[in-house]
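If you want the building blocks of each chain, they are given just below.
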Amino acid sequence: MAHAKIQARMNESKFSRTLSMADRSGQLLESLDQLELRVEALREAASAMEQERECILEMIQSLQNSQEMRNICAGEKEELTLTAERLMGRTLSVEISVGTIRNRQQEEALQKATSIIDEIVKKLLENMDGARQKLLALHSACVTEAPPVPIDQKFQAIVISCALEDQKKIKRRLEKLLRNVENAGKNIKIMDKQKLEQPKANGAQ
(Lines give C-alpha, C1' and ligand atoms only; values in the text may rest on other atoms or scores of the structure.)
Protein backbone atom coordinates (compact mmCIF):
# COMPACT_ATOMS: atom_id res chain seq x y z
CA MET A 1 0.00 0.00 0.00
CA ALA A 2 2.78 2.36 0.95
CA HIS A 3 4.68 1.42 -2.19
CA ALA A 4 1.63 2.19 -4.32
CA LYS A 5 1.29 5.64 -2.73
CA ILE A 6 4.96 6.41 -3.32
CA GLN A 7 4.68 5.34 -6.99
CA ALA A 8 1.56 7.46 -7.44
CA ARG A 9 3.32 10.53 -6.04
CA MET A 10 6.31 9.90 -8.31
CA ASN A 11 4.03 9.64 -11.32
CA GLU A 12 2.20 12.84 -10.28
CA SER A 13 5.52 14.67 -9.81
CA LYS A 14 6.76 13.47 -13.20
CA PHE A 15 3.52 14.49 -14.87
CA SER A 16 3.64 17.97 -13.30
CA ARG A 17 7.26 18.42 -14.34
CA THR A 18 6.44 17.46 -17.91
CA LEU A 19 3.67 20.04 -18.05
CA SER A 20 5.98 22.69 -16.63
CA MET A 21 8.62 21.94 -19.30
CA ALA A 22 5.95 22.08 -21.97
CA ASP A 23 4.76 25.43 -20.63
CA ARG A 24 8.28 26.81 -20.65
CA SER A 25 8.84 25.52 -24.15
CA GLY A 26 5.59 27.14 -25.27
CA GLN A 27 6.57 30.46 -23.73
CA LEU A 28 9.99 30.36 -25.42
CA LEU A 29 8.38 29.52 -28.74
CA GLU A 30 5.93 32.41 -28.33
CA SER A 31 8.83 34.76 -27.55
CA LEU A 32 10.69 33.59 -30.65
CA ASP A 33 7.55 34.09 -32.77
CA GLN A 34 7.26 37.66 -31.49
CA LEU A 35 10.96 38.27 -32.16
CA GLU A 36 10.56 36.92 -35.68
CA LEU A 37 7.84 39.50 -36.33
CA ARG A 38 10.14 42.23 -35.04
CA VAL A 39 13.02 40.95 -37.19
CA GLU A 40 10.85 41.04 -40.31
CA ALA A 41 9.61 44.53 -39.39
CA LEU A 42 13.23 45.62 -38.93
CA ARG A 43 14.24 44.24 -42.34
CA GLU A 44 11.25 45.88 -44.01
CA ALA A 45 12.04 49.23 -42.38
CA ALA A 46 15.70 48.98 -43.38
CA SER A 47 14.73 48.02 -46.93
CA ALA A 48 12.36 51.00 -47.12
CA MET A 49 15.17 53.28 -45.92
CA GLU A 50 17.50 51.76 -48.51
CA GLN A 51 14.99 52.51 -51.26
CA GLU A 52 14.44 56.04 -49.93
CA ARG A 53 18.21 56.63 -50.05
CA GLU A 54 18.33 55.44 -53.67
CA CYS A 55 15.37 57.66 -54.54
CA ILE A 56 16.96 60.75 -52.98
CA LEU A 57 20.26 60.13 -54.78
CA GLU A 58 18.45 59.72 -58.08
CA MET A 59 16.50 62.95 -57.55
CA ILE A 60 19.66 64.89 -56.73
CA GLN A 61 21.37 63.54 -59.85
CA SER A 62 18.30 64.38 -61.91
CA LEU A 63 18.37 67.98 -60.67
CA GLN A 64 22.10 68.26 -61.35
CA ASN A 65 21.60 67.13 -64.96
CA SER A 66 18.31 68.94 -65.57
CA GLN A 67 17.70 71.47 -68.31
CA GLU A 68 16.70 74.02 -65.67
CA MET A 69 20.16 73.78 -64.12
CA ARG A 70 21.79 74.45 -67.49
CA ASN A 71 19.62 77.49 -68.20
CA ILE A 72 20.40 79.52 -65.06
CA CYS A 73 23.22 82.05 -64.77
CA ALA A 74 26.71 81.02 -63.67
CA GLY A 75 26.51 82.58 -60.19
CA GLU A 76 23.25 80.89 -59.24
CA LYS A 77 24.35 77.64 -60.87
CA GLU A 78 27.49 77.52 -58.72
CA GLU A 79 25.49 77.96 -55.51
CA LEU A 80 22.93 75.31 -56.52
CA THR A 81 25.68 72.92 -57.58
CA LEU A 82 27.43 73.27 -54.22
CA THR A 83 24.14 72.67 -52.40
CA ALA A 84 23.40 69.58 -54.50
CA GLU A 85 26.90 68.22 -53.89
CA ARG A 86 26.51 68.81 -50.15
CA LEU A 87 23.21 66.94 -50.12
CA MET A 88 24.73 64.16 -52.19
CA GLY A 89 27.57 63.79 -49.69
CA ARG A 90 25.25 63.74 -46.69
CA THR A 91 23.01 61.15 -48.34
CA LEU A 92 25.96 58.94 -49.24
CA SER A 93 27.14 59.10 -45.63
CA VAL A 94 24.03 57.13 -44.65
CA GLU A 95 24.95 53.47 -44.92
CA ILE A 96 22.15 50.90 -44.98
CA SER A 97 22.68 47.23 -45.73
CA VAL A 98 20.07 44.47 -45.80
CA GLY A 99 21.70 41.14 -46.54
CA THR A 100 19.94 38.36 -48.42
CA ILE A 101 20.39 34.68 -47.53
CA ARG A 102 20.77 32.66 -50.73
CA ASN A 103 21.39 29.06 -51.62
CA ARG A 104 23.82 28.12 -54.40
CA GLN A 105 21.17 28.11 -57.13
CA GLN A 106 19.90 31.54 -56.12
CA GLU A 107 23.45 32.90 -56.01
CA GLU A 108 24.15 31.66 -59.54
CA ALA A 109 20.82 33.01 -60.81
CA LEU A 110 21.58 36.47 -59.37
CA GLN A 111 25.01 36.50 -61.02
CA LYS A 112 23.47 35.58 -64.39
CA ALA A 113 20.75 38.23 -64.12
CA THR A 114 23.27 40.90 -63.10
CA SER A 115 25.59 39.94 -65.96
CA ILE A 116 22.79 40.24 -68.53
CA ILE A 117 21.82 43.71 -67.31
CA ASP A 118 25.46 44.84 -67.15
CA GLU A 119 26.00 43.82 -70.79
CA ILE A 120 23.05 45.92 -71.92
CA VAL A 121 24.23 48.90 -69.87
CA LYS A 122 27.64 48.74 -71.61
CA LYS A 123 25.90 49.15 -74.97
CA LEU A 124 23.65 52.03 -73.94
CA LEU A 125 25.83 54.73 -75.49
CA GLU A 126 26.24 52.77 -78.73
CA ASN A 127 22.54 52.17 -79.32
CA MET A 128 20.25 53.81 -76.77
CA ASP A 129 16.98 52.88 -78.48
CA GLY A 130 18.01 49.25 -78.92
CA ALA A 131 19.21 49.00 -75.33
CA ARG A 132 15.98 50.56 -74.12
CA GLN A 133 13.93 47.88 -75.91
CA LYS A 134 16.04 45.15 -74.32
CA LEU A 135 15.63 46.72 -70.89
CA LEU A 136 11.86 46.85 -71.42
CA ALA A 137 11.85 43.16 -72.31
CA LEU A 138 13.80 42.37 -69.15
CA HIS A 139 11.53 44.52 -67.01
CA SER A 140 8.47 42.81 -68.48
CA ALA A 141 9.89 39.52 -67.20
CA CYS A 142 9.78 40.93 -63.64
CA VAL A 143 6.16 42.12 -63.49
CA THR A 144 3.03 40.11 -62.77
CA GLU A 145 0.60 42.12 -64.88
CA ALA A 146 0.44 41.62 -68.63
CA PRO A 147 3.19 43.83 -70.11
CA PRO A 148 2.71 45.87 -73.32
CA VAL A 149 6.05 44.66 -74.72
CA PRO A 150 7.50 41.19 -75.41
CA ILE A 151 8.90 39.29 -72.44
CA ASP A 152 12.44 37.95 -72.35
CA GLN A 153 11.52 34.37 -71.44
CA LYS A 154 15.11 33.32 -70.72
CA PHE A 155 15.63 36.22 -68.33
CA GLN A 156 12.30 35.52 -66.66
CA ALA A 157 13.37 31.94 -65.87
CA ILE A 158 16.59 33.26 -64.35
CA VAL A 159 14.80 35.87 -62.21
CA ILE A 160 12.32 33.30 -60.90
CA SER A 161 15.30 31.27 -59.66
CA CYS A 162 16.55 34.26 -57.64
CA ALA A 163 15.69 34.93 -54.01
CA LEU A 164 12.52 37.00 -53.56
CA GLU A 165 14.43 40.02 -52.25
CA ASP A 166 16.80 39.85 -55.21
CA GLN A 167 13.85 39.72 -57.61
CA LYS A 168 12.59 43.00 -56.15
CA LYS A 169 16.04 44.60 -56.39
CA ILE A 170 16.45 43.49 -60.02
CA LYS A 171 13.08 45.02 -60.89
CA ARG A 172 13.99 48.30 -59.15
CA ARG A 173 17.34 48.45 -60.95
CA LEU A 174 15.66 47.98 -64.34
CA GLU A 175 13.09 50.66 -63.53
CA LYS A 176 15.87 53.07 -62.55
CA LEU A 177 17.81 52.33 -65.74
CA LEU A 178 14.71 52.90 -67.86
CA ARG A 179 14.09 56.25 -66.16
CA ASN A 180 17.70 57.26 -66.76
CA VAL A 181 17.48 56.28 -70.42
CA GLU A 182 14.24 58.21 -70.83
CA ASN A 183 15.70 61.32 -69.17
CA ALA A 184 18.87 61.06 -71.24
CA GLY A 185 16.81 60.80 -74.41
CA LYS A 186 14.80 63.89 -73.45
CA ASN A 187 17.96 65.87 -72.72
CA ILE A 188 19.49 64.87 -76.04
CA LYS A 189 16.35 65.99 -77.91
CA ILE A 190 16.27 69.31 -76.04
CA MET A 191 19.94 70.00 -76.75
CA ASP A 192 19.54 69.01 -80.40
CA LYS A 193 16.48 71.24 -80.74
CA GLN A 194 18.39 74.16 -79.28
CA LYS A 195 21.17 73.65 -81.82
CA LEU A 196 18.65 73.62 -84.64
CA GLU A 197 16.88 76.71 -83.38
CA GLN A 198 20.07 78.72 -82.83
CA PRO A 199 20.81 79.53 -86.50
CA LYS A 200 17.19 80.57 -86.98
CA ALA A 201 17.42 82.92 -84.04
CA ASN A 202 20.68 84.43 -85.34
CA GLY A 203 19.18 84.86 -88.77
CA ALA A 204 16.21 86.69 -87.38
CA GLN A 205 18.36 89.31 -85.64
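Residues numbered from 1 in each chain as written. Predicted model: local features only at pLDDT ≥ 70, side-chain atom pairs only at ≥ 80, totals over all residues. Heavy atoms only, no water.

Broken down by element type, the protein carries seven helices and zero strands. The proportion of buried residues among the 205 residues of the protein is 21%. Looking at the protein alone, contacts between residues at least 24 apart form 70% of all its contacts between residues at least 6 apart. Counting every atom, the protein has about 15600 Å² of accessible surface; 56% of that belongs to carbon and sulfur. (Helix = DSSP H or I, 4+ residues; strand = E, 2+ residues; numbered from the N terminus. Buried < 20%, exposed > 50% of the residue type's maximum accessible area, 1.4 Å probe, protein only. Contact = heavy atoms within 4.5 Å. Areas by Shrake-Rupley, 256 points an atom, 1.4 Å probe, with all protein chains shown as cover.)

Before going further, it helps to spend a moment on a negative patch on the surface. On the surface, Glu 30, Asp 33, Glu 36, Glu 40 and Glu 44 cluster together into a negatively charged patch. Examined against the element boundaries, Glu 30 turns out to sit in helix 1 (residues 2-64). (Patch = residues over 30% accessible without salt bridge, like charges linked within 9 Å, V, L, I, M, F, W, Y side chains within 5 Å. Salt bridge = Lys/Arg side-chain N within 4 Å of Asp/Glu carboxyl O. Lys, Arg positive; Asp, Glu negative; His and termini not counted. Charge placed at Lys NZ, Arg CZ, Asp CG, Glu CD.)

As a further point, take the packing of helix 4 (residues 104-122) against helix 5 (residues 128-140). Running from N to C, helix 4 and helix 5 point in directions that differ by 160°, and their axes come no closer than 9 Å. Judged by the inter-axis angle, helix 4 sits roughly antiparallel to helix 5. Remark: the crossing between helix 4 and helix 5 carries left-handed chirality. Contacts between helix 4 and helix 5 involve Ile 116, Ile 117 and Ile 120 on the former and, on the latter, Ala 131, Lys 134, Leu 135 and Leu 138. By residue class, the composition of the contact of helix 4 with helix 5 is six nonpolar, no polar and one charged. (Axes fitted to C-alpha atoms, helices over the stretch in contact; angles between N-to-C directions. Parallel < 35°, antiparallel > 145°, perpendicular 65-115°, else oblique. Left-handed = near helix turned anticlockwise from the far one by under 90°. Nonpolar A, V, L, I, M, F, W, Y, C, P; charged D, E, K, R; others polar.)

What follows concerns the confidence of the model for the protein. Summary statistics for the protein give a mean pLDDT of 84 and a share of 80% for residues scoring 70 or more. Within the model, pLDDT remains below 50 along residues 201-205, and this stretch shows zero contacts once partners closer than five positions in the same chain are excluded. (pLDDT = per-residue confidence, 0-100.)

All right, on to the environment of Gln 167 then. One can find Gln 167 in helix 7 (residues 164-204). According to the relative accessible area criterion, Gln 167 is partly exposed, its value standing at 24%. When near neighbours in sequence (up to four residues on either side) are disregarded, Gln 167 contacts Val 159, Ile 160 and Cys 162. A polar contact of 3.0 Å, which involves the side chain of Gln 167, links it to the backbone oxygen of Cys 162. (Polar contact = N/O pair within 3.5 Å; in protein donor to acceptor, adjacent residues only side chain to side chain.)

Among the nonpolar cores identified, the biggest contains 21 residues, and Ile 117, Leu 135, Leu 138, Cys 142, Phe 155, Ile 170 and Leu 174 are the most heavily contacted of them. Sorting the residues of this core by element identifies helix 4, helix 5, helix 6 (153-160) and helix 7 as the ones contributing at least two each. The residues contacting Ile 170, other than those within four sequence positions of it, are Leu 110, Ala 113, Ile 117, Cys 142, Phe 155, Val 159 and Cys 162. (Core = buried A, V, L, I, M, F, W, Y, C linked by side-chain atoms within 4.5 Å.)

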